[in-house]
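Residue-level structural notes
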Amino acid sequence: MPNVDTAIAMNKRTFIKLFAAMIASPVISPLFAWASSNKLKNWAGNLEYGTDRLYSANSLEQVRDYVKKQSKLKVLGTRHCFNNIADSTHNILSLKSMDEVVALDPEAHTVTVNAGITYGQLCPYLHTRGFALHNLASLPHISIAGACSTATHGSGEKNGNLATAVSALEIVTAAGEVVKLSRQIDGEAFRGAVVGLGALGVITKITLDVQPTFMMRQYVYENLPLSEMRDQFDAIESSAYSVSLFTDWQKQRINEVWIKSRVEEGQAFEATSEFFGAKRAIRNLHPIAELSAENCTEQMGVPGPWYERLPHFRMGFTPSAGKELQSEYFVPRRHAVEAILAVERLHDQVSPHLMISEIRAIAADNLWLSPCYEQPCVTIHFTWKQDWPAVRKLMPVIEKELAPFNARPHWGKLFTTSPAELKSIYKKIPEFVQLSKKYDPQGKFRNEFLNTNIFSS
Ligand SMILES: Cc1cc2nc3c(=O)[nH]c(=O)nc-3n(C[C@H](O)[C@H](O)[C@H](O)COP(=O)(O)OP(=O)(O)OC[C@H]3O[C@@H](n4cnc5c(N)ncnc54)[C@H](O)[C@@H]3O)c2cc1C
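What counts and what doesn't
Residues numbered from 1 in each chain as written. Predicted model: local features only at pLDDT ≥ 70, side-chain atom pairs only at ≥ 80, totals over all residues. Heavy atoms only, no water. Helix = DSSP H or I, 4+ residues; strand = E, 2+ residues; numbered from the N terminus. Buried < 20%, exposed > 50% of the residue type's maximum accessible area, 1.4 Å probe, protein only. Contact = heavy atoms within 4.5 Å. Areas by Shrake-Rupley, 256 points an atom, 1.4 Å probe, with all protein chains shown as cover. Near = heavy atom within 4 Å. Polar contact = N/O pair within 3.5 Å; in protein donor to acceptor, adjacent residues only side chain to side chain. Nonpolar A, V, L, I, M, F, W, Y, C, P; charged D, E, K, R; others polar. Axes fitted to C-alpha atoms, helices over the stretch in contact; angles between N-to-C directions. Parallel < 35°, antiparallel > 145°, perpendicular 65-115°, else oblique. Left-handed = near helix turned anticlockwise from the far one by under 90°. Pairing = 2+ DSSP bridges. 1 Å grid on protein atoms, 1.4 Å probe; cavity = no way out; pocket = protein on both sides within 12 Å on 5 of 7 lines; lining within 4 Å. Points joined across faces, edges and corners; volume = space filled by probe spheres on them. pLDDT = per-residue confidence, 0-100. Phe/Tyr/Trp six-rings, centres within 6.5 Å; stacked < 30°, edge-to-face > 60°. Lys NZ or Arg CZ within 6 Å of the ring centre and 35° of its normal. Core = buried A, V, L, I, M, F, W, Y, C linked by side-chain atoms within 4.5 Å.

Some remarks on the overall build of the chain
The helix and strand tally for the chain stands at 12 helices and 20 strands. Residue burial in the chain is summarised as follows: out of 457 residues, 59% are buried. Nonlocal contacts in the chain, meaning residues at least 24 apart in sequence, comprise 73% of its contacts between residues at least 6 apart. When the accessible area of the chain is evaluated, it comes to approximately 17700 Å², of which 51% is carbon and sulfur surface.

Below you can see the structure in the form of structure tokens.
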């Protein structure tokens, strides 16, 4: 969600400038001893990374050499996580300059990319060559490696999260060896590695499934009564390729319903003026209706390529930083309505600290640490005002309400779910620990987040 904070925006520009300088360097070298006033922060600015030892690699060989020399490191993608999953107190490695498309294979319907590339860079390349990805997150500025490593998702009950498009990975292990894992050959090890939380090694290449390119239309409807959500949830979710419900939990309503449909589909969404009691908007809207929609993707049924409709925010718009916090919980689809109503009952506590909530549906998958592992899910997302003490107090309250539904938190957002609870709701954690130890026996890629949430028991 965009809410640009100028001071942090300046940090981002400095960051880009420094990375640009670094990319010009033929060898890996320490980037810059960050001045204390200019520490590297995540996108939201709520986390200052724990080291100023930043390195950029330009090639697989440089990654291997660097990994061999370090006893501890983390790879940093585009810094869009809200928690310390990407943090290190030792060394940070960036693959930002390794952002090329390696191969597009029209026969196999795959594209292989170097792991520093973002969706924003890849999507226009694919579209101009006649191809598309199955889905995108709310904004395209995130790295593919970072997004897949945390099971980032878009919406659409038939669409798996973004990691489900991964068909092969190239990983540099703690020993500096290059391992290739593919969906076709490596079965369970592959399914364990894709949503890898950065624990197995440095992903240097990713192969993704592609499909023929397609056009989409987007319509927004306003003020869907909560009673319609309760009684017609399945009909609402199945009405289009991608459906997002935005609510501030006030006035017993879903403020906005965003409907994204494929133009050439047999059953394209029919844009009636009413949708389950909601009224079709007569202008482009931001998810928070009071904010300007100029950074939002085109609505009002105007057809456009998939990558300019699936995200809510436009590719050309560069969100430097966001004065917000985010948390998100995945509940099994069968409990969706009950779970949404449970959060609604907390509206007096939630609304004062909230910018907006979004509810999305995601298909089941078979990736070990995916929150949608073997269950279709609905996600309840919270974009909070940047008031950490208030959010920290609220999260356990929400988690308690959602506990009966075995709600799984998003790996890249804020949560207070205990490691023991995580272990009980992410059944594959023990196998994941074993798999990680195979590629990283000494814990070179582990950090506080992983030690606490994954490796503590
Ligand atoms: C404004 C905003 C909107 C968002 N919208 C959505 C949304 O719609 N849906 C959703 O699900 N999430 C969303 N997110 C969350 C976010 O996209 C994810 O959490 C994602 O991980 C961000 O990718 P990144 O590269 O920025 O990750 P980073 O924070 O840089 O890294 C995340 C993890 O990936 C690892 N990693 C990164 N690159 C590599 C690599 N090459 N090899 C090994 N490990 C690697 C890191 O070590 C770390 O563990 C949003 C976040 C923001 C700020």
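What to know about the site of the ligand
Lining the immediate surroundings of the ligand are 37 residues, of which Val-75, Thr-78, His-80, Ser-143 and Thr-150 lie closest. A distance of 2.8 Å is found between a nitrogen atom of the ligand and a backbone nitrogen or oxygen belonging to His-153. Calculation on the ligand without its partners gives an accessible area of 980 Å², and the protein chains cover 99% of this total. Elements that contribute at least two residues to the shell around the ligand include exactly β2 (74-76), α4 (144-149) and β9 (202-209). Looking at side-chain class alone, the shell around the ligand contains 18 nonpolar, 15 polar and four charged residues.

Examining the packing of helix α6 (residues 226-237) against helix α7 (residues 336-344)
At a minimum axis separation of 9 Å, α6 and α7 run at an interaxial angle of 160 degrees. The pairing of α6 with α7 is recorded here as roughly antiparallel in orientation. Seen from above, α6 lies across α7 with left-handed handedness. Counted together, Leu-226, Met-229, Arg-230 and Phe-233 of α6 and Ala-336, Val-337, Ile-340, Leu-341 and Glu-344 of α7 form the full contact between these two elements. Along the lines of polarity and charge, the residues of the contact of α6 with α7 split into seven nonpolar, no polar and two charged.

With respect to the sheet that holds strand β1 (residues 54-56)
Taken in spatial order, the three strands make up an open sheet running β1-β3-β2, and their pairing is parallel. The sheet is open, and its two edges are formed by β1 and β2, each paired on a single side. In this sheet, adjacent strand axes meet at a mean angle of 35 degrees when their direction is disregarded. Here three bridges tie β1 to strand β3 (residues 92-94), and the two strands are oriented parallel to one another. Counterpart to Leu-54 in the pairing with β3 is Ile-92.

Some thoughts on the layout of surface pockets
Estimated volume of the second largest pocket: approximately 310 Å³. Lining the second largest pocket are 16 residues; nearest its centre among them are Asn-83, Asn-84, Leu-414, Phe-415 and Phe-449. Of all the secondary structure elements, the ones that give two or more residues to the lining of the second largest pocket are α9 (388-402) and α12 (448-453). By residue number, the principal contributor to the lining of the second largest pocket is α12, which donates four residues. A breakdown of the residues in the lining of the second largest pocket according to their chemical character gives seven nonpolar, seven polar and two charged.

Overview of the side chain of Ser-149
Along the chain, Ser-149 turns up in helix α4. The buried category is assigned to Ser-149, whose relative accessible area is 11%.

Topic: the confidence of the model for the chain
Mean pLDDT for the chain: 91, with 90% of residues reaching 70 or above. Counted against residues more than four places away or in other chains, residues 1-36, with its pLDDT under 50, gives 68 contacts.

Examining the sheet that holds β9
Read from one edge of the open sheet, five strands run β4-β5-β9-β7-β8, paired in antiparallel fashion. The open sheet has two edge strands, β4 (101-105) and β8 (178-182), and neither has a second partner. Between one strand axis and the next, the sheet turns through 10 degrees on average, direction left out of account. One ladder, built from five bridges, connects strand β7 (residues 166-172) with β8; its direction is antiparallel. Of the residues in β8, the one forming a bridge with Ala-168 is Ser-182. Most of the contacts of helix α2 (residues 60-69) go to β7, to which it runs at about 50 degrees, and overall it touches β7, β8 and β9.

Considering the packing of aromatic side chains
Within the structure shown, the criterion is met by 14 aromatic pairs. Between Trp-43 and Phe-82, the aromatic rings sit 6.3 Å apart at their centres with planes inclined by 75 degrees, giving edge-to-face as the arrangement. Here Trp-43, found in the loop between α1 (6-24) and β1, pairs with Phe-82, found in the loop between β2 and β3; they are 39 residues apart in sequence, far enough to count as distant. Exposure class is identical for Trp-43 and Phe-82. Each is buried. Arranged with centres 5.1 Å apart and planes meeting at 5 degrees, the rings of Phe-382 and Trp-384 form a pair that is stacked. The exposure class of Trp-384 is buried, given its relative accessible area of 0%. Above the ring of Phe-214, the side-chain terminus of Arg-262 is found at 3.7 Å from the ring centroid. Above the ring of Tyr-426, the side-chain terminus of Arg-408 is found at 5.4 Å from the ring centroid.

What about the nonpolar core?
Within the largest apolar cluster, 135 residues are counted, with the highest numbers of intra-cluster contacts made by Tyr-119, Leu-133, Trp-306, Phe-382, Leu-402, Trp-411 and Ile-454. Leaving out residues up to four positions away in the same chain, Trp-411 has contacts with Asn-83, Ile-85, Thr-150, Val-195, Leu-197, Leu-369, Leu-422, Tyr-426, Phe-449 and Ile-454. Of all hydrophobic cores here, the second largest spans seven residues; its members include Leu-47, Tyr-49, Leu-76 and Ile-92.

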